[in-house]
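Below, each chain spelled out in residue letters.
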Amino acid sequence: MTGKVVGIIGLGNMGNGMAQSLLRAGYQVIGTDLGEAQQKAARDLGVDVVADIKALCAQTTEIILSLPMAVHVQAVVQGPGGIIEHAQAHSLVIDTSTSEPEITRALAAQLVERGHQLLDAPVSGGPAGAAAGSMVMVVGGEATALSRARPCLDALSSKIVHLGQSGNGHVAKLINNLLCAAHLVTTAEAIALGKKAGLDPAALIEGLNAGSGRSAISEVNFPRWILNQEFDSGFSMQLMRKDVRLAKQLIDDMEMDLSLSEKAAAIWAESENAIADGEDFNCIVKNHL
Ligand code: NAD
């Protein structure tokens, strides 16, 4: 048992999984969420669910965020009743949300000005990885903040890569999800091509996974959520469309011409008309298969 206390703001698909891993590692976990179902699920795990950020900050100086989008992170950090208003001296905020690099950098500056620290530590691995403590984290922020966060991050992840200054973790995560989004489209097209040519999709995936065309999408997503029609990964279309939109924004900000990536981004943007926000993100393949 570590005897340490950690807070989680946002107890949704990922926050719930992270709470499980931290409790297993011996942390006392204090959490808060706007949703009643999320509050109840967390309470059932053994999380001390509190009403608001003020109550959470009163009990801990280490605060994990797992929120949908940058706008929610801004509200929680700098909004009325938020972390800046209520944090104890020298608090550490670890933002595991997939957020926007420039917003992260601005929030980090505000927190540092007040004696706090912010790490952007977005994650890969989905709710299952969060619950197993086997996520991958790409981290931006001060090395001293990362050293301080290490014990907690080690309970959540199997691999941590520090990419330098604040916001760089979020840049890396957007690039990762752009690749993931493109791989979903290209792998779906590859399977459609094979099917049309008379091949069995499951056998084709097995062959691809033993060859150089494989990716996490062919190795994990197709067998686990797509070929069996389960489509229950715990990651929504809405959040993946957000990530792809931010990746496209990054390409534009860098004034680059990346034709295949931009085509993939356009396919994801257009999917809004056909696939509802609440659907599983793997449903993008349905446009191709
Ligand atoms: P989610 O919608 O299931 O959970 C987010 C939670 O934040 C919700 O329960 C919501 O009620 C809560 N929330 C929003 N505003 C709040 C506020 N002001 N105070 C307290 N709680 C608030 O989303 P998720 O799937 O858990 O994803 C969380 C983040 O992690 C997103 O940025 C997502 O892109 C990223 N992510 C998700 C996955 C995945 O597989 N689900 C994988 C990697 C990264």
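Placed above this text is the structure.
The model shown is predicted, which means the values in this text are computed figures rather than measured ones.

Student: Can you tell me about the overall build of the protein, naming the residues and giving the values?
Tutor: Looking only at helices and strands, the protein features 13 helices and nine strands. Against the compact-globule benchmark of 19 Å for 289 residues, the protein has a radius of gyration of 20 Å, which places it among compact chains. Principal-axis analysis of the C-alpha atoms places the extent of the protein at approximately 65 × 45 × 35 Å. The 289 residues of the protein split such that 49% are buried.

Student: I'd love a proper account of the nonpolar core, names of residues and values included.
Tutor: Counting residues in hydrophobic clusters, the biggest one holds 30 residues, and the most contacted among them are Leu22, Ile64 and Met137. With seven residues, helix 8 (residues 143-156) is the single largest residue contributor to this core. In this structure, Ile64 is in contact with Val6, Gly7, Ile8, Ile9, Met18, Leu22, Ile94, Thr96, Cys152 and Leu156, ignoring residues within four places of it in sequence.

Student: Would you mind going over unusual backbone geometry in detail, with residue names and values included?
Tutor: Positioned with a positive phi, His90 is a non-glycine residue whose angle comes to about 55°. Tracing the backbone shows His90 in the loop between helix 5 (83-86) and strand 5 (92-95). The class for His90 is partly exposed, based on a relative accessible area of 44%. Despite not being glycine, Glu255 has its phi angle at roughly 55°, a positive value. Relative to the elements of secondary structure, Glu255 occurs in the loop between helix 12 (237-253) and helix 13 (259-270). Classification of Glu255 by relative accessible area gives exposed; the value is 75%.

Student: Could you give an account of the packing of helix 1 (residues 13-24) against helix 8, naming the residues involved and the relevant values?
Tutor: Remark: helix 1 packs on helix 8, axes separated minimally by 8 Å, with the N-to-C direction vectors making an angle of 110°. By the angle between their directions, the pair helix 1 and helix 8 is classed as roughly perpendicular. Note on packing geometry: the crossing formed by helix 1 with helix 8 is right-handed. Contacts from Met18, Ser21 and Leu22 in helix 1 reach Cys152, Ala155 and Leu156 in helix 8. Its residues placed into classes, the contact of helix 1 with helix 8 shows five nonpolar, one polar and no charged.

The rules behind the values
- Residues numbered from 1 in each chain as written.
- Predicted model: local features only at pLDDT ≥ 70, side-chain atom pairs only at ≥ 80, totals over all residues.
- Heavy atoms only, no water.
- Helix = DSSP H or I, 4+ residues; strand = E, 2+ residues; numbered from the N terminus.
- Rg over C-alpha atoms; globule rule 2.2 N^0.38 Å.
- Buried < 20%, exposed > 50% of the residue type's maximum accessible area, 1.4 Å probe, protein only.
- Core = buried A, V, L, I, M, F, W, Y, C linked by side-chain atoms within 4.5 Å.
- Contact = heavy atoms within 4.5 Å.
- Axes fitted to C-alpha atoms, helices over the stretch in contact; angles between N-to-C directions.
- Parallel < 35°, antiparallel > 145°, perpendicular 65-115°, else oblique.
- Left-handed = near helix turned anticlockwise from the far one by under 90°.
- Nonpolar A, V, L, I, M, F, W, Y, C, P; charged D, E, K, R; others polar.

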